[in-house]
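Take a look at the letters that make up each chain.
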Amino acid sequence: LEEAGVNFKSMESTIKSIVDFGKRKGVDVFMGEWGAVAPDYDDKLIYYTKMVELMGKHGLSWSVWGYTELYSGYVNGQWDETLLDIYFERAKYYQ
């Protein structure tokens, strides 16, 4: 599975190995400060959607950064409702 120039099957394998390591060591894993620098908005949405799904599937807590934006859901002085939907609607993967 490759979308937006990212091999998500490989990404999931990496995430799973990190989660498995945490379980063996008895610690929770936190995916801190991940994000995308993607010139194409649609690719950025695909990346964020897939990453939130993968992290939810593996029970990871996470935070996101926007790199060029102050906050990755707040762009040019307004909320990006599409990104916020990805962040919050994907929370269903945690239930």
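Residues numbered from 1 in each chain as written. Predicted model: local features only at pLDDT ≥ 70, side-chain atom pairs only at ≥ 80, totals over all residues. Heavy atoms only, no water.

1. Description of the environment of Val52
The line we're drawing: To qualify as a helix, a DSSP run of H or I must reach at least 4 residues; to qualify as a strand, a run of E must reach at least 2; elements of each kind are numbered from the N terminus. Residue burial is assigned from relative accessible area. The probe radius is 1.4 Å, only protein chains are included, and a residue is buried under 20% of its type maximum, exposed over 50%, and partly exposed in between.
Turning to its location among the elements, Val52 is positioned in helix α2 (residues 41–57). Val52 gets classed as buried once you look at its relative accessible area, which sits at 0%.

2. What to know about the side chain of His58
We count it as follows: Every residue pair with non-hydrogen atoms within 4.5 Å of one another is taken to be in contact.
By secondary structure assignment, the location of His58 is in the loop between α2 and β4 (61–64). On the basis of relative accessibility, which here comes to 18%, the residue His58 falls in the buried class. Look past the residues within four positions of His58 in its chain and what remains in contact with it is Glu12, Ile15, Lys16 and Val19.

3. Focus: the packing of helix α1 (residues 8–25) against α2
Helix-helix packing: each pair is described by the crossing angle between the helix axes and the interaxial distance. Here is the rule: Axis definition: a line fit to C-alpha positions, over the contact stretch in the case of helices; interaxial angles, taken between N-to-C directions, run 0 to 180 degrees. For any pair of crossing helices, the crossing counts as left-handed if the nearer helix is rotated counterclockwise from the farther one by less than a right angle, and right-handed if it is rotated clockwise. Think of it as three bins: nonpolar holds Ala, Val, Leu, Ile, Met, Phe, Trp, Tyr, Cys and Pro, charged holds Asp, Glu, Lys and Arg, and polar takes everything else, Gly as well.
Orientation of α1 relative to α2, taken along the N-to-C sense of each, is 35°, at an axis distance of 10 Å. α1 and α2 meet at a crossing whose hand is right-handed. Touching Phe8, Met11, Glu12 and Ile15 of α1 are Ile46, Tyr47, Lys50, Met51, Leu54 and Lys57, all from α2. Tallied by class, residues from the contact of α1 with α2 come to 7 nonpolar, no polar and 3 charged.

4. Thoughts on α2
For the record, the criterion: What a helix should span is 1.5 Å times the count of its residues minus one. Here a polar contact means two N or O atoms within 3.5 Å. Within protein one must be a hydrogen donor candidate and the other an acceptor candidate, and residues neighboring in sequence count only if both atoms are side-chain atoms.
If you check α2, its first and last C-alpha atoms are 24 Å apart, about what 17 residues at 1.5 Å a residue would give, namely 24 Å. Along α2, the residues classified as buried are Lys44, Leu45, Tyr47, Tyr48, Thr49, Met51, Val52, Leu54, Met55 and Gly56. Regarding α2, its N-cap is Asp40, as a side-chain oxygen of that residue lies 3.2 Å from the backbone nitrogen of Asp42 further along.

5. Remarks on helix α3 (residues 81–89)
This is how it is decided: In this description, one arc is meant: the one made by directions from the helix axis to the C-beta atoms.
Along α3, the positions that sit buried rather than exposed are Leu83, Leu84, Ile86 and Tyr87. Projected down its long axis, α3 carries its buried residues within an arc of 155°, all on one side. Summarising the geometry of α3, the exposed residues directed more than 90 degrees from the buried face are Glu81, Phe88 and Glu89. Close packing links the buried residues of α3 with α2, β4 and β6 (78–79). Capping the start of α3, Asp80 holds a side-chain oxygen 3.1 Å from the backbone nitrogen of Thr82, two or three residues further along.

Distances and angles like these do not, on their own, reveal function.
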